[in-house]
Amino acid sequence: GGIRQAAGATAEYAANIAKLRIALQGVTTSQEEYSQGLSFIKDTTKDFAIPQEVVTRQFTKLQASVQGAGGNLEDTKTAFNGIVAAVRATGGSLADVDAALTATAQVFSKGKVSAEELRQQIGERLPGAFTLFAESMGITPQELDKALEQGKVSLQDFQGFAEAIFDRYGENAKTIAQSPKSAGDQLKVALEELNESVGTLLGPIGAAFQTTFKSIVDAINSGIKALNDFLGIGTEGAINKAQRELDAALAGYERFSGIDV
């Protein structure tokens, strides 16, 4: 039972990764861009010790938002790298990375930067985000506050912020991710790669079992339905039984009277 459950989990994980990649293909404009996206995800997973499931899901969401805002794959990479590096370098967990990237996708979906995302959703995962954003624009935090109120902080400003924080935190984030202190995250990444490899291998076997068992179940259901009809069990079975009895009675009457009914 334990082996069966483990095998099922790996196959399910591999199937989920495959679905995420299909989704990524749907938000890229060409096979070349899709391949670049996959390569970026692989490098990010390795550089920052973040499971590929998290990276693929969030990168796909961000790419969809960036593309909707008129951006391209390079814009997505810039924003993604900056947020991931800054959150990881400042001690953020995988959950913090996940939440910050969700907020980043919301920024591009809205087409502008709001105080809510910057102060709360991103700021809570990246200490000093507000001040860093102001520095990247060459203004004071007070001026940034006013610009946000007036809706004058653009996506280009956000990209400048992403580039600035990546320059500041990028190398440090990679160092932290490869250090012994991040051994748990590194192990999680390695185990997910193993899950995908084993799950991909077991997928066709699992599909074959499912097809076979479906045929068996269909045959059993057909047999049970026929038995129910014969015994008059259930509404349909009772109707069929009554019809057989009526047909038999009519046939007997015809033989006795010689009159066709």
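Parameters and conventions
Residues numbered from 1 in each chain as written. Predicted model: local features only at pLDDT ≥ 70, side-chain atom pairs only at ≥ 80, totals over all residues. Heavy atoms only, no water. Core = buried A, V, L, I, M, F, W, Y, C linked by side-chain atoms within 4.5 Å. Buried < 20%, exposed > 50% of the residue type's maximum accessible area, 1.4 Å probe, protein only. Helix = DSSP H or I, 4+ residues; strand = E, 2+ residues; numbered from the N terminus. Contact = heavy atoms within 4.5 Å. Expected span 1.5 Å × (residues − 1). Axes fitted to C-alpha atoms, helices over the stretch in contact; angles between N-to-C directions. Parallel < 35°, antiparallel > 145°, perpendicular 65-115°, else oblique. Nonpolar A, V, L, I, M, F, W, Y, C, P; charged D, E, K, R; others polar. Phe/Tyr/Trp six-rings, centres within 6.5 Å; stacked < 30°, edge-to-face > 60°. Lys NZ or Arg CZ within 6 Å of the ring centre and 35° of its normal.

Caption draft 1: Broad picture of the nonpolar core. Grouped together as the largest cluster of nonpolar side chains are 48 residues, with contacts concentrated most on I83 and F158. Those elements giving two or more residues to this core turn out to be α2 (31-48), α3 (52-68), α4 (73-89), α5 (94-110), α7 (129-137), α8 (141-149) and α9 (155-177). Looking at this core, the element that brings in the most residues is α4, giving nine residues. In this structure F158 touches A79, I83, T104, V107, F108, V113, I122 and F133, once residues within four positions along its chain are discounted.

Caption draft 2: Quick peek at α3. The end-to-end C-alpha distance of α3 is 24 Å, a good match for the 24 Å that 17 residues give at a rise of 1.5 Å each. Along α3, the residues classified as buried are Q52, V54, V55, T56, Q58, F59, T60, L62, Q63, S65 and V66. Positive backbone phi, approximately 95 degrees, marks G70, located one or two places after α3.

Caption draft 3: Quick look at unusual backbone geometry. In this model, A49 sits at a positive phi of 55 degrees, which is unusual for a non-glycine residue. In this structure, A49 sits in the loop between α2 and α3.

Caption draft 4: Geometry of the packing of α2 against α4. Orientation of α2 relative to α4, taken along the N-to-C sense of each, is 10 degrees, at an axis distance of 12 Å. Here α2 is positioned roughly parallel relative to α4, judged by the angle of their axes. Contact residues: α2 offers E33, Q36, G37, F40, T44 and F48, while α4 offers L73, E74, K77, F80, N81, V84, A85 and R88. Considering only residue class, the contact of α2 with α4 consists of six nonpolar, four polar and four charged.

Caption draft 5: Fine view of the packing of aromatic side chains. A complete count under the given rule lists seven aromatic pairs for this structure. Here the aromatic rings of F59 and F80 are separated by 5.5 Å at their centres, their planes lie at 75 degrees, and the arrangement is edge-to-face. Separated by 21 residues along the polypeptide, F59 in helix α3 and F80 in helix α4 bring together distant segments of the chain. Per residue, the accessibility class of F59 equals that of F80, and both read buried. Judged by centre distance (5.8 Å) and plane angle (80 degrees), the ring pair of F108 and F158 falls under edge-to-face. Taken together, the residues F108 in helix α5 and F158 in helix α9 connect sequence positions 50 residues apart. Here the two residues F108 and F158 agree in accessibility, since each one is buried. An aromatic cluster of three or more residues is present, and its members are F108, F133, F158 and F161. One Lys or Arg, R119, reaches over the ring of F130 and ends 3.8 Å from the middle of that ring.

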